[in-house]
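Here is what each chain is made of, one letter per residue.
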Amino acid sequence: MTEPTTPANETTVPMLPCVSVDDTLEFYEALGFENTYKQTRPYVYLALRWSGFELHFGPAPKELDPAREDAGGCLVMVDSVAPYHAAFTRAMRRTYGQVLATGRPRITRYRPGASRFSLVDPSGNSIVFVRRDEPMELDYGGSKQLEGLAKALDNARILREFKDDDRAAFRAVKSALRKFGEDAPAADRARALAVLISTSAALGEHGDDVPAWTAELEGIPLTEAEREQVEAELHNTSDLNND
């Protein structure tokens, strides 16, 4: 007698903690999710659907602190992350009148060419949209193929995209710009200044240095392609400032 085989047609549905039913539904429905099931007694259970995937929610542990943002999470593997980020930011503007880019709930920024972004919900869960062909290995500290300011910029990219750590990225780029900026190519200096401006906005720190960085950036001669890179970085700042 042969053993039965399992068909390769499984579906995995994440089960995430829910601190507040009302807050959870408000956030996800604002993004366009469909509520397919809702139960509050004898225990919480929610089922939500968007496009081709589902998220389910159950009771949160009493000791869970949403502010820690370590409640739970899941990966949503997609061919391209940009359309998803665009759809969610459009929905946020339509519902809230702005992009929820800071605090909680929020959506992390998307930089052209990035391979992931996250939704952080009211309970502190992270829904991470990841491009299927994202590199499996990362050079923390920056690519070994680079040096000076270029390496620091690559390190900042990893800190921002994979660790959501704007402060560490800001410090790394500011230090590298001071150390290597004088001898760095114009395009790298411009990118570094753009990163400092955008991460300052992300951190909510619009200090005295920003006007000086902006003036210096405007004075750097760039090719059209280099200017587009810089403008793409600064475009994130408009979301953070809700311009």
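Residue numbers run consecutively from 1 along every chain, following the written order of its sequence. Two thresholds apply to this predicted model, a pLDDT of at least 70 for residue-level local features and 80 or more for giving and counting side-chain atom pairs, whereas whole-chain, interface and lining totals are computed over all residues. By convention in this description, side-chain values take in all heavy atoms of the structure and omit both hydrogens and water.

Peer 1: Is there a simple way to think about unusual backbone geometry in this case?
Peer 2: Working note: non-glycine residues mostly have negative phi, and peptide bonds are mostly trans. Here the residue pair Arg41 and Pro42 is connected by a cis peptide bond, since its omega of 0° sits within 30 degrees of zero. Summarising the element assignment, Pro42 is placed in the loop between strand S2 (34-39) and strand S3 (45-50). Here the residue pair Arg104 and Pro105 is connected by a cis peptide bond, since its omega of 5° sits within 30 degrees of zero. Where helices and strands are cited, they refer to DSSP runs of H or I of at least four residues and of E of at least two residues respectively, numbered from the N terminus. Counting through the fold element by element, Pro105 comes out in the loop between helix H2 (82-96) and strand S6 (106-107). Phi angles above zero are rare outside glycine, and Ser51 is one such case at about 55°. One non-glycine residue with positive phi stands out, namely Asp164, at about 50°. Each residue's exposure class comes from its accessible area (1.4 Å probe, protein chains only) as a fraction of the maximum for that residue type: buried when under 20%, exposed when over 50%, partly exposed otherwise. Residue classification places Asp164 among the partly exposed residues on the basis of a relative accessible area of 38%.

Peer 1: I keep staring at the packing of helix H5 (residues 186-202) against helix H6 (residues 209-218) and nothing clicks. Help me out?
Peer 2: A packed helix pair is summarised by two numbers, namely the angle formed by the two axes and the spacing between the axes. In the contact formed by H5 and H6, the axes pass within 9 Å of each other and the chain directions differ by 150°. It follows that H5 is roughly antiparallel to H6 by the angle criterion. Taken as a pair, H5 and H6 cross one another with a handedness that is left-handed. Taking contact as the criterion, the partners of Ala190, Leu193, Ala194, Leu196, Ile197 and Ser200 in H5 are, on H6, Val210, Trp213, Thr214, Glu216 and Leu217. Taken together, the residues of the contact of H5 with H6 break down into eight nonpolar, two polar and one charged. Think of each axis as a best-fit line through the C-alpha atoms, taken over the contacting stretch in the case of a helix, with angles from 0 to 180 degrees between the N-to-C directions. By definition in this entry, angles of less than 35 degrees are roughly parallel, angles greater than 145 are roughly antiparallel, angles of 65 to 115 are roughly perpendicular, and the rest are oblique. Crossing handedness follows the turn of the near helix against the far one: under a right angle anticlockwise gives a left-handed crossing, and clockwise gives a right-handed one. Here, two residues are considered to be in contact whenever any of their heavy atoms come within 4.5 Å of each other. For this scheme, ten residues count as nonpolar: Ala, Val, Leu, Ile, Met, Phe, Trp, Tyr, Cys and Pro. Four count as charged, namely Asp, Glu, Lys and Arg, and the remainder, Gly too, count as polar.

Peer 1: Is there a simple way to think about the pattern of salt bridges in this case?
Peer 2: Working definition: two side chains of opposite charge can pair if their charged atoms are close together. Salt bridges are counted wherever a side-chain nitrogen of Lys or Arg sits within 4 Å of a carboxyl oxygen of Asp or Glu. Applying the stated criterion across every chain yields a total of 14 salt bridges. Where Arg160 meets Glu233, a salt bridge forms, and the shortest distance between an N and an O atom there is 2.8 Å. Residue Arg160 is located in helix H3 (residues 148-162), and its partner Glu233 is located in helix H7 (residues 224-241); the two are separated by 73 residues in the primary sequence. Like Arg160, the residue Glu233 is buried in the burial classification.

Peer 1: Just checking my understanding: could you explain the sheet that holds strand S5 (residues 73-78) for this structure?
Peer 2: Sheets are built from strands paired through backbone hydrogen bonds, the pairs being either parallel or antiparallel. Only strands joined by at least two bridges in the DSSP assignment are considered to pair. Overall, mixed pairing links the four strands, which are arranged S5-S8-S7-S6 in an open sheet. Each edge of the open sheet carries a strand with a single partner, namely S5 and S6. Relative to strand S7 (residues 116-120), S6 runs antiparallel, the two sharing two bridges. Residue pairing in the sheet places Arg106 in a bridge with Val120 of S7.

Peer 1: Mind showing me how you'd approach the nonpolar core here?
Peer 2: Nonpolar side chains tend toward joint burial in soluble globular proteins. Ranked by internal contacts, the top residues of the largest apolar core, which has 32 residues, are Phe33, Phe88, Ile127 and Phe129. Those elements giving two or more residues to this core turn out to be strand S1 (15-18), helix H1 (21-30), S3, strand S4 (53-59), S5, H2, S7 and strand S8 (126-131). Sorting elements by how many residues they give to this core places H1 first, with four residues. Non-local contacts of Phe129, meaning those with residues more than four positions away in its chain, are made with Phe53, Val76, Val78, Val81, Tyr84, Phe88, Ser115, Arg116, Phe117 and Leu119. By nonpolar core we mean a set of buried residues, namely Ala, Val, Leu, Ile, Met, Phe, Trp, Tyr and Cys, connected to one another through side-chain atoms within 4.5 Å.

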